[in-house]
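Here is what each chain is made of, one letter per residue.
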Amino acid sequence: MGLKIFNNTDISNLYSSISKIDKGTSIDYAVNIFPKIKRGFLFLNLQEYYRQIENNELIINKFINDKTPSNIKIILMICLTLIFHSKKPHYALVNEAVEFSKKFKKGSLVNAVLREVLRKKNSVKNNKQNVPKLFKANCDKIYTSSKIRSYIYKSFFTKPKSFQISLNDNVNNFYKKRVALLNDKLCANYFVQDIGNFEIINSVKDLYNDQKILDVCAAPGGKSILLSSYGFQVEALDKSQNQIDKFIENVKRLKLDIKISKKNFLESKINSKYNSILLDAPCSALGTFRRNPDVVSKIDKEKLIINQNIQVKMVDKSLNLLNKGGVLVYIVCSFHSFETMGVIDKILQKHKNITIEKIQSDKMIKKENGYFTNPYSFKEFGGSDIFFVTVLRKKK
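Sequence order as written defines residue numbering, which begins from 1 separately in each chain. Thresholds applied to this predicted model are a pLDDT of at least 70 for local features of residues and 80 or more for the giving and counting of side-chain atom pairs; totals over whole chains, interfaces and linings are not thresholded and use all residues. No hydrogens and no water enter the side-chain calculation; it runs on all heavy atoms of the structure.

(A) Region of the structure containing helix α11 (residues 222-229). Categorising residues by exposure relies on relative accessible area from a 1.4 Å probe, with only protein chains included: less than 20% of the type maximum marks a residue as buried, more than 50% marks it as exposed, and the intermediate range marks it as partly exposed. Helical segments are the DSSP runs of H or I of at least four residues, strand segments are the runs of E of at least two, and each set is numbered from the N terminus. Summarising burial for α11: eight of the eight residues are buried, a large majority. Directly beyond the C-terminal end of α11, a positive phi value near 100 degrees is found at G231.

Right, dumping it as structure tokens:
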């Protein structure tokens, strides 16, 4: 899987990209090394490869045996993706796959399997409830309703809608006078944000008792921008210059006044105390599976434990910066228990002077010590990503 690109074919480029993505690279990053003319095709088919990974594995296992090398299996699964989800001519993809597989001395095998797949193509059906097992297991822990579960499973196979959020109330917007669909063009005085993300900030903003707020891990800035539009004075921190650059660009475009600093939160000394803190912690991004289906294939216990350790440290430091009576909002775009309820469990064991505030929203589901957005409640708008949020108040 560490193979370099042999030639400029779709099969070889997809194979090379998958080898990087499976090691932790994002689809965006993997695609950006290619010429612009190729990026759209590669991006869409890589997304579909990871959306269909469970279905494709079940299909291809009917045509191969346990001795088939893993790299050949990946090539065949790439071909299945292209056969069922692209307009690439079948004869062209078979020829490309066979030529590429000759590097592994398996050209004849790939040719035979693909010919058989194409012969039986009309009898092959993809099951839109057939999501990866670990994804399903974690989803089922959070959502007990079969209706909600089924909707989430199906949404794994559906390209999500994009939303734009207005800085001001507008009666033409379809949700809470702020949310509109993002189709071809971003409107003036709007910024990009998922509707579930908007719902969280909109629902917790009134629980803060001070509009001077520290936003930790703020870039690329959607939550900071939304808070600013509600009248908050935002001090934003982030350690990624690339993300900060995007944040600054948006702030300038929207003509907002947000103080942005490049800082590693855990490594920086912060002398000030705050009544209001927002911590959107780094995580697995499992809740963004609709737009980043590769995250589902990267569920890894060791990585999740590392994430949790960092998240606990960040919450711990945030609480130490919080004045008595102050409020910390903890958010992750994940629904894995390690990064959500597990983090808060550890915090409550250590900090006995913390209470959990109730959030009023019919778009979220209460689970133990926090809340998860309910994608089904946004069905009429095209669904949402999944976020976890909890509001911690330090006792006076």
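(B) Quick peek at the pairing of strand β5 (residues 233-238). Most of β5 is tucked away, with five of its six residues classed as buried. Following DSSP output, two strands are said to pair if at least two bridges run between them. Judged from the four bridges that link them, strand β4 (residues 212-216) and β5 form a sheet pairing that is parallel. Of the residues in β5, the one forming a bridge with I213 is V234. Assignment of crossover handedness uses the view with strands pointing away from the viewer, where a clockwise path from the first strand over the helix to the second indicates a right-handed crossover. For the crossover that starts at β4, traverses α11 and ends in the parallel β5, the hand is right-handed. As paired strands, β5 and strand β6 (residues 259-262) are joined by four bridges and run parallel to one another. Counted as the bridge partner of L237 is S261 from β6. Chirality of the crossover, the property in question, places the unit of β5, helix α12 (residues 241-254) and β6 among those that are right-handed.

(C) Spatial organisation of the packing of helix α10 (residues 195-204) against α11. Between α10 and α11, the shortest axis-to-axis distance is 10 Å and the interhelical angle comes to 45 degrees. If you check the angle between α10 and α11, you find them oblique. Handedness of the α10/α11 crossing: right-handed. Contacts from N197, F198 and I201 of α10 reach α11 at K223, L226 and L227. Each residue is assigned to one of three groups, with Ala, Val, Leu, Ile, Met, Phe, Trp, Tyr, Cys and Pro labelled nonpolar, Asp, Glu, Lys and Arg labelled charged, and all others, Gly among them, labelled polar. Class assignment for the residues of the contact of α10 with α11 results in four nonpolar, one polar and one charged. Angles run from 0 to 180 degrees between N-to-C directions of axes, and those axes are lines fitted to C-alpha atoms, restricted for helices to the stretch in contact. Note on angle classes: values under 35 degrees are labelled roughly parallel, values over 145 roughly antiparallel, values of 65 to 115 roughly perpendicular, and the remainder oblique. The crossing is said to be left-handed when, going from far helix to near helix, the turn is anticlockwise and less than a right angle, and right-handed when the turn is clockwise. The contact criterion used throughout is that any non-hydrogen atoms of two residues lie within 4.5 Å.

(D) How the structure looks around unusual backbone geometry. Here the amide bond leading from A219 into P220 is cis, since omega sits at 10 degrees, within 30 degrees of zero. Inspection of the secondary structure assignment puts P220 in the loop between β4 and α11. A positive phi angle, near 55 degrees, is found at E368, a position not held by glycine. Following the sequence through the fold, E368 ends up in the loop between β10 (364-367) and β11 (370-373).

(E) Broad picture of the pattern of salt bridges. One side-chain nitrogen of Lys or Arg within 4 Å of one carboxyl oxygen of Asp or Glu is enough to make a salt bridge. Scanning all chains against the criterion turns up 21 salt bridges. The shortest N-O distance in the salt bridge between E48 and R51 comes to 3.3 Å. Separated by three residues within a single helix, E48 and R51 lie in helix α3 (residues 36-51), roughly one turn from each other. In this structure, a network of salt bridges that share partners links the residues D194, R290, R291 and D385.

(F) View of the sheet that holds strand β2 (residues 179-181). If you walk across this open sheet you meet the three strands as β2-β1-β3, and the pairing is antiparallel. Of all the strands in the sheet, the pair left with one neighbour each is β2 and β3 (190-192). Neighbour-to-neighbour, the strand axes of the sheet open up by a mean angle of 35 degrees, direction not taken into account.

(G) Local environment of the packing of aromatic side chains. Only the six-membered ring of Trp is used, alongside the rings of Phe and Tyr, when aromatic pairs are assigned; centres must lie within 6.5 Å, and planes under 30 degrees apart are stacked while those over 60 apart are edge-to-face, with the rest tilted. If you walk through the whole model with that rule in mind, you get 19 aromatic pairs. Judged by centre distance (4.9 Å) and plane angle (25 degrees), the ring pair of F174 and F381 falls under stacked. Separated by 207 residues along the polypeptide, F174 in the loop between β1 (163-166) and β2 and F381 in the loop between β11 and β12 (388-394) bring together distant segments of the chain. A residue is classified by how much of its surface remains accessible, and F381, at 11% relative accessible area, is buried. Ring plane angle 55 degrees and centroid distance 4.9 Å describe the contact between F372 and F388, whose orientation is recorded as tilted. In this pair, F372 is assigned in strand β11 and F388 in strand β12, connecting sequence segments 16 residues apart. With respect to burial, F372 and F388 carry one shared label: buried.

(H) Molecular detail of the pairing of strand β8 (residues 322-332). Within β8, nine of the eleven residues are buried, which leaves the element mostly enclosed by the surrounding structure. Bridge analysis of strand β7 (residues 274-280) against β8 gives six bridges, and the strand direction is parallel. Paired with L278 across the two strands is V329, which belongs to β8. Taking the sense of rotation as the criterion, the β-α-β connection linking β7, helix α13 (residues 301-320) and β8 turns out right-handed.

(I) Highlighting the packing of α3 against helix α5 (residues 70-85). At their nearest, the axes of α3 and α5 sit 10 Å apart, and the two run at 110 degrees to each other. As far as their axial angle goes, α5 and α3 are roughly perpendicular. For the pair α3 and α5, contact is made by F41, N45, E48 and Y49 and by I74, M77, I78, T81, L82 and H85, respectively. Partitioning the contact of α3 with α5 into residue classes produces six nonpolar, three polar and one charged.

(J) Looking closely at the environment of H85. Tracing the backbone shows H85 in helix α5. Classification of H85 by relative accessible area gives partly exposed; the value is 31%. Taking C-alpha positions, H85 is 9.3 Å from L44, a pair spaced 41 residues apart along the chain. Discounting chain neighbours no more than four positions away, the residues touching H85 are N45, E48, Q52 and N126.

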